[in-house]
Amino acid sequence: MLENTALPRKAPLKPPLDTRYQVETPEGIDLPLRPAGLMVRSLAFGIDLGIRGAILGVLFLLLAFLGQLGMGLGSLLLFAVSWWYMVLFEVLRQGRSPGKQWMGLRVIHDDGTPIGWSASLLRNLLRFVDLLPFGYFLGAISCLQHPTFKRLGDIAAGTLVVYSERALLRPQLPDAQPRSSPVPLNLGEQRALLAFAERQAELSPARVNELAALLAQPLHISAPKAVSELNGIARGLLGPT
Amino acid sequence: MKQSLFEARHKAEWERFTLALERLEHGKDTSQAASFPKVYRRLCQHLALAQERGYSSFLIDSLQQLVLRGHQQLYRHRSRFGANLLGFILADFPRLVRAEWPFVLAAGLMFFGSLIGFASLVYAFPELIYNLIPAEQVRDMQSMYDPVAGHLGRSAERAASEDWVMFGYYVMHNIGIAFQTFASGLLLGVGSAFFLFYNGLIIGAVAGHLTEIGFGQTFWSFVIGHGAFELSAIALAGAAGLKLGWAVIAPGRLTRGEALVEAARKSVLLVCGVTLFLLIAAFIEAYWSSKTGVTPPIKYAVGAALWLAVAAYLLFAGRTRHAPE
């Protein structure tokens with residue numbers, strides 16, 4: 001029997017060790033969200049800043065030909081772009097401004113629902129405070145000390161910047177003869193074995209052997225053939241033995 | 001049940017769900033939306049089963065992604081404005097202002113107190129203006145409101161196209177100030193208090209100075225009209241900011257974070273009302289206040305009527321339950 005490090009069947013989930021943030025839905029499902037940290041967010045902001053600068057530059061060049069009318073339009077545009085760029089993109093494009101889209105981020109409410117007008121407006125108006133006293137100083141401090149990396153605007157608006165989910169590719173399990181486990185496995189151990197088989201292609205052969213050797217003794221399998229035995233158990237867990 | 005059997009049994013259903021999700025996400029076809037919640041809840045059950053039976057990470061992760069996407073489609077926060085803008089203007093906004101009267105009162109006192117205070121101070125001690133405002137700006141102000149020049153607002157003759165320029169300028173400048181006044185309230189209310197006091201100081205000092213040197217007629221007839229909307233909007237933006245700060249200082253029975261979220265939800269509605277006020281103010285300022293053909297008495301009358309209208313709107317609109325709904 002393995003040491004019982006994994007969770008018993010009915011135990012409530014412990015908060016994860018990494019930065020994942022669990023949202024419990026009304027159906028009783030825990031959805032893990034992955035909040036984005038300071039660096040990737042500043043990159044996204046930098047991209048947005050560049051795009052805004054480019055938009056304004058081009059528009060001002062065009063409006064310069066319109067004279068007085070152009071000046072009025074120019075002020076309105078400056079206002080619209082500086083205060084509404086983020087809000088419009090976030091609400092109308094599922095929480096993604098172009099910069100965020102580029103970096104694979106999106107904004108959502110911290111209960112996992114899509115962001116709406118009021119929250120988006122708030123978090124972007126309060127950007128003014130995050131900017132203080134210079135260069136996003138307060139925002140950066142707040143972001144660094146918060147468990148889910150919220151800046152002040154995010155705290156007040158109840159929003160969260162997360163990585164958007166990417167399509168998963170089905171991993172190819174290594175070939176092996178399916179067999180049942182020599183000792184009963186609990187839930188966490190089952191998942192660990194399956195993960196070992198699923199992730200094998202990403203690991204170096206030496207590392208695979210090293211990991212398998214660790215398990216040979218507690219699982220009562222032969223050490224030299226540990227890798228193929230473990231793959232066999234994983235296949236056995238998946239399908240008929 | 002082994003994982004492969006489980007997958008084989010439900011694979012088709014998951015694929016159908018993925019297709020339905022894609023259609024909803026692109027906002028195209030909502031014909032099958034009625035069956036969506038049922039399918040979504042079945043998927044939740046599958047995910048729970050998969051977790052409970054210790055199936056592989058790949059299966060659980062992909063089911064989790066599907067559930068997350070489904071959750072995004074099924075659950076939304078109800079938007080409180082936008083959907084019925086008219087109801088907001090006719091009833092909800094003035095009601096909210098009355099409900100938040102302590103903050104509105106505090107912000108009003110700070111802003112109008114400092115405005116009136118500094119106006120009287122500068123009127124009584126004319127040299128004081130040079131301690132408050134740089135001499136160049138004072139000179140600009142004087143030339144702007146010089147009764148001899150015969151035009152108002154900014155210098156030079158104003159054609160219709162210039163009214164438009166000024167409209168754009170006022171929108172950008174004033175709404176920017178209101179947004180700053182609101183947002184800085186997050187710093188325990190200190191920022192809002194500062195901006196209320198500071199803006200009151202500047203406006204008051206200019207008003208006191210221009211009245212004292214005898215430009216009162218041109219100045220007051222120019223500002224009285226749009227002032228009704230502009231000044232009350234700044235005070236309301238400050239009130240919204242103070243509310244944010246107060247939620248952090250005295251959160252009551254909630255945690256500070258929760259209290260802040262709660263207060264912010266209401267404040268942002270106030271800010272929307274403020275934005276509306278400032279749009280009206282910019283319009284009046286650009287197209288009415290600057291008209292030189294209208295005699296001052298008419299401007300004073302219209303201005304007074306606008307002040308009364310704003311006061312009556314904030315005090316009485318939306319008192320009867322049935323009217324706007």
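All figures in this text were calculated on a predicted structure; none of them were measured in a lab.

### Examining the overall build of chain A
Check the secondary structure of chain A and you find ten helices and four strands. For chain A, the succession of helices and strands along the chain, N to C, is β-β-α-α-α-β-α-α-α-α-β-α-α-α. Taking 18 Å as the expected radius of gyration for a compact globule of 241 residues, we find that chain A reaches 26 Å, considerably beyond that expectation. When the backbone C-alpha atoms are referred to their principal axes, chain A occupies close to 85 × 35 × 35 Å. When burial is assessed residue by residue, chain A has 36% of its 241 residues classed as buried.

### Quick look at the overall build of chain B
Helix and strand counts for chain B come out as twelve helices and zero strands. Beginning at the N terminus, the succession of helices and strands in chain B can be written as α-α-α-α-α-α-α-α-α-α-α-α. Computed over the C-alpha atoms, the radius of gyration of chain B is 28 Å, more than 25% above the 20 Å expected from 2.2 N^0.38 for a compact globule of 325 residues. Reported as C-alpha extents along the three principal axes, the dimensions of chain B are approximately 90 × 45 × 45 Å. Counting only residues that meet the buried cut, chain B has 40% of its 325 residues in that class. Contacts in chain B between residues at least 24 apart in sequence constitute 79% of all its contacts with a sequence separation of at least 6.

### With respect to the domain arrangement of chain A
Taken as a whole, chain A is organised into domain 1 (38-163) and domain 2 (187-238). Computed from C-alpha atoms alone, the centre-to-centre distance between domain 1 of chain A and domain 2 of chain A is 47 Å.

### A closer look at the packing of helix α2 (residues 36-52) of chain B against helix α3 (residues 57-74) of chain B
Residues and elements named next belong to chain B. Where α2 meets α3, the closest approach of the two axes is 10 Å, and the angle between their N-to-C directions is 150°. Judged by the angle between their axes, α2 and α3 are roughly antiparallel. Between α2 and α3 the crossing geometry is left-handed. Facing α2, whose interface residues are F36, P37, Y40, L43, C44, H46, L47, A50 and Q51, α3 presents L59, I60, L63, Q64, L66, V67, G70 and L74. Tallied by class, the residues present in the contact of α2 with α3 amount to 13 nonpolar, four polar and no charged.

### Topic: the interface of chain B and chain A
Counting residues at the interface gives 50 residues for chain B and 48 residues for chain A. The dominant element in the side of chain B that touches chain A, judged by the number of residues it contributes, is helix α8 (residues 160-183) of chain B, at 14 residues. For the side of chain B that touches chain A, the per-class residue count stands at 25 nonpolar, 18 polar and seven charged.

### Details of unusual backbone geometry
Residues and elements named next belong to chain A. Phi at Q94 takes a positive value of approximately 50°, unusual for a residue other than glycine. Within the element layout of this structure, Q94 appears in the loop between α2 (68-92) and α3 (98-103). Positive phi, normally seen in glycine, also occurs at H220, with a value near 55°. Mapped onto the fold, H220 is located in the loop between α9 (205-216) and α10 (226-238). Judged by the 10 C-beta atoms lying within 10 Å of it, H220 is exposed.

### Some points on the packing of helix α1 (residues 3-25) of chain B against α3(B)
Any two packed helices are characterised by the angle at which their axes cross and by the distance between the axes. All names here are of chain B. Packing of α1 against α3 brings their axes to within 11 Å, and their N-to-C directions diverge by 30°. What the angle tells us is that α1 and α3 run roughly parallel. Here α1 and α3 pass one another in a crossing that is left-handed. Across the interface between the two elements, Q3, E7, W14, F17, T18, L21 and L24 of α1 pack against L59, L66, R69, G70 and Q73 of α3. Taken together, the residues that form the contact of α1 with α3 break down as six nonpolar, four polar and two charged.

### A look at the domain arrangement of chain B
Assigned domains of chain B: these are domain 1 (3-74) and domain 2 (85-316). Computed from C-alpha atoms alone, the centre-to-centre distance between domain 1 of chain B and domain 2 of chain B is 53 Å.

### So, the environment of B:Q51
Along the polypeptide, B:Q51 turns up in helix α2. Expressed as a C-alpha distance, the spacing of B:Q51 and B:R69, which sit 18 residues apart in the sequence, is 18 Å.

### Comments concerning the environment of A:V208
Residues and elements named next belong to chain A. One can find V208 in helix α9. Distance in space between the C-alpha atoms of V208 and A226 is 9.7 Å, their sequence separation being 18 residues. Apart from the residues lying within four places of it in its own chain, the contact partners of V208 are Q200, L203 and V227.

What counts and what doesn't
- Residues numbered from 1 in each chain as written.
- Chains lettered and ligands numbered in written order.
- Predicted model: local features only at pLDDT ≥ 70, side-chain atom pairs only at ≥ 80, totals over all residues.
- Helix = DSSP H or I, 4+ residues; strand = E, 2+ residues; numbered from the N terminus.
- Rg over C-alpha atoms; globule rule 2.2 N^0.38 Å.
- Buried ≥ 20, exposed ≤ 12 C-beta atoms within 10 Å, placed from the backbone.
- Contact = placed C-beta atoms within 7 Å.
- Domains from an automatic or database assignment.
- Axes fitted to C-alpha atoms, helices over the stretch in contact; angles between N-to-C directions.
- Parallel < 35°, antiparallel > 145°, perpendicular 65-115°, else oblique.
- Left-handed = near helix turned anticlockwise from the far one by under 90°.
- Nonpolar A, V, L, I, M, F, W, Y, C, P; charged D, E, K, R; others polar.

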